[in-house]
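Listed below are the residues making up each chain.
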Amino acid sequence: MKKTWYQIARHHSGDIPPSFELEVYKKMLDIFHPGDFYYYIVNIASVEMEFVSDSISNVLKIRPEEFTVEYIFEHIHPDDKTRFAIYEQKVTQFFNSLPMEKVLKYKVSYDYRLRCSDGSYKWILMQTVTVQSDEQGAVIRVLGVQTDITHLKMDNRPSGLSFLGLEGEESFYNVPVDSGVLMTGKELFSKREKEVLHHVLSGKSTFEIAELLSVSVHTINSHRKNILTKSQCSSLAELGSKSVREGWV
């Protein structure tokens, strides 16, 4: 895994001053949390965790300083380790193929099982965005958010690897890792429907959403009906679970 990350950093020393706090906060707005989560900043060039949030104790029951790159790989479920390594190789391939101006415009998403301090396993949704790169487009620092989605994994099956475009970039869902071909993600929802979906899953009422978007309650009800129809979901709980798996939020 370290060798893979060294490749994506292109052997950069990683000593660029970490003047990227604003970018971290901006990227955080692009990530939606369906459960308990923690976040971290990893220096890809040196393969070291530079920051881990205290909330990791709520998810994995460990201290922030215990969470290292080595910890992740040592505690991944044995059945998920090979898939994890293959996905990270695909991530490296993807980012190394991007023009430098697009490196900060993609979110990586997939899940795996991680062992907690009590020996139990939790399904973790991992989402990462690059928050710092150099002038050649080499990835230097990455913001990662790991969310406990155990309560959403009804079938106990892993999700695929997805590259979600930010700021209007094209998305690639369930990327086949055994080929060099990326599958273009077809947008299921309109821009306004995605706004409504985000607010619905945030727990806002139809009236609150109508107020926020300056439209009528009738319009929001129509959007909600269309969202359920397009997603083939029959309940809000099913919609929330499927939205996480498919990378809609």
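Residues numbered from 1 in each chain as written. Predicted model: local features only at pLDDT ≥ 70, side-chain atom pairs only at ≥ 80, totals over all residues. Heavy atoms only, no water.

(A) Up close: the side chain of Asp-111. Inspection of the secondary structure puts Asp-111 in strand S3 (residues 106-115). By relative accessible area, Asp-111 is classed as buried at 2%. Within the structure, Asp-111 has its side chain in polar contact with the side chain of Lys-153 (distance 2.8 Å). Not counting residues within four places of it along the chain, the set of residues in contact with Asp-111 comprises Arg-83, Trp-123, Ile-124, Leu-125, Ile-149, Lys-153, Pro-158 and Ser-159. (Helix = DSSP H or I, 4+ residues; strand = E, 2+ residues; numbered from the N terminus. Buried < 20%, exposed > 50% of the residue type's maximum accessible area, 1.4 Å probe, protein only. Polar contact = N/O pair within 3.5 Å; in protein donor to acceptor, adjacent residues only side chain to side chain. Contact = heavy atoms within 4.5 Å.)

(B) Representation of unusual backbone geometry within the structure. Within the chain, Asn-174 stands out as a residue other than glycine whose phi angle is a positive 45°. Tracing the backbone through its elements, the reader meets Asn-174 in the loop between strand S6 (162-165) and helix H6 (191-201). With a relative accessible area of 40%, Asn-174 lands in the partly exposed category.

(C) Region of the structure containing the side chain of Ser-109. With respect to the secondary-structure elements, Ser-109 resides in strand S3. According to the relative accessible area criterion, Ser-109 is buried, its value standing at 7%. With near-sequence residues (within four places) excluded, Ser-109 lies in contact with Leu-125, Met-126, Gln-127, Gly-160, Leu-161, Ser-162 and Leu-164.

(D) The arrangement of the packing of aromatic side chains in detail. Under the criterion given, the structure shown has 15 aromatic pairs. Where Tyr-39 meets Phe-51, the ring centres are 5.9 Å apart and the plane angle is 35°; that geometry is what we call tilted. With Tyr-39 in strand S1 (residues 37-43) and Phe-51 in strand S2 (residues 48-52), the pair connects residues that are 12 residues apart, well separated along the chain. A residue is classified by how much of its surface remains accessible, and Tyr-39, at 29% relative accessible area, is partly exposed. For Phe-51, a relative accessible area of 39% corresponds to the partly exposed category. Measuring from ring centre to ring centre gives 5.9 Å for Phe-94 and Phe-172, while their planes differ by 70°; the resulting arrangement is edge-to-face. Of this pair, Phe-94 sits in helix H5 (residues 81-97) while Phe-172 sits in the loop between S6 and H6, and the two are 78 residues apart along the sequence. Comparing Phe-94 with Phe-172, the two get one shared label, buried. (Phe/Tyr/Trp six-rings, centres within 6.5 Å; stacked < 30°, edge-to-face > 60°.)

(E) Here's a closer look at the sheet that holds strand S4 (residues 121-133). One open sheet accounts for 6 strands, arranged S2-S1-S5-S4-S3-S6; its pairing is antiparallel. The open sheet has two edge strands, S2 and S6, and neither has a second partner. On average, adjacent strands in this sheet sit at an angle of 30° to one another, irrespective of strand direction. Sheet topology note: the S4/strand S5 (residues 139-148) ladder contains 9 bridges and is antiparallel. In the sheet register, Met-126 faces S5, and the bridge partner there is Gln-146. Strands in contact with H5 are S3, S4, S5 and S6; relative to S3, the strand with the most contacts, it is inclined by about 165°. (Pairing = 2+ DSSP bridges. Axes fitted to C-alpha atoms, helices over the stretch in contact; angles between N-to-C directions.)

(F) Representation of the environment of Ser-120 within the structure. Within the secondary structure, Ser-120 is located in the loop between S3 and S4. For Ser-120, a relative accessible area of 31% translates into the label partly exposed. Considering only alpha carbons, one finds Ser-120 and Leu-60, 60 residues apart in sequence, at a separation of 9.4 Å. Residue contacts for Ser-120: discarding those within four places in its chain leaves Leu-114 and Arg-115. Only 2.6 Å separates the side chain of Ser-120 from the side chain of Asp-118, close enough to count as a polar contact.

(G) Expanded view of the environment of Asn-43. In this structure, Asn-43 sits in strand S1. The class of Asn-43 is buried, set by a relative accessible area of 2%. Between the alpha carbons of Asn-43 and Gln-132 there is a distance of 9.3 Å; along the sequence they are 89 residues apart. Among the polar contacts listed, one links the side chain of Asn-43 to the backbone nitrogen of Ala-45, at a separation of 3.0 Å. Side-chain polar atoms of Asn-43 contact the side chain of Glu-50, separated by 3.1 Å.

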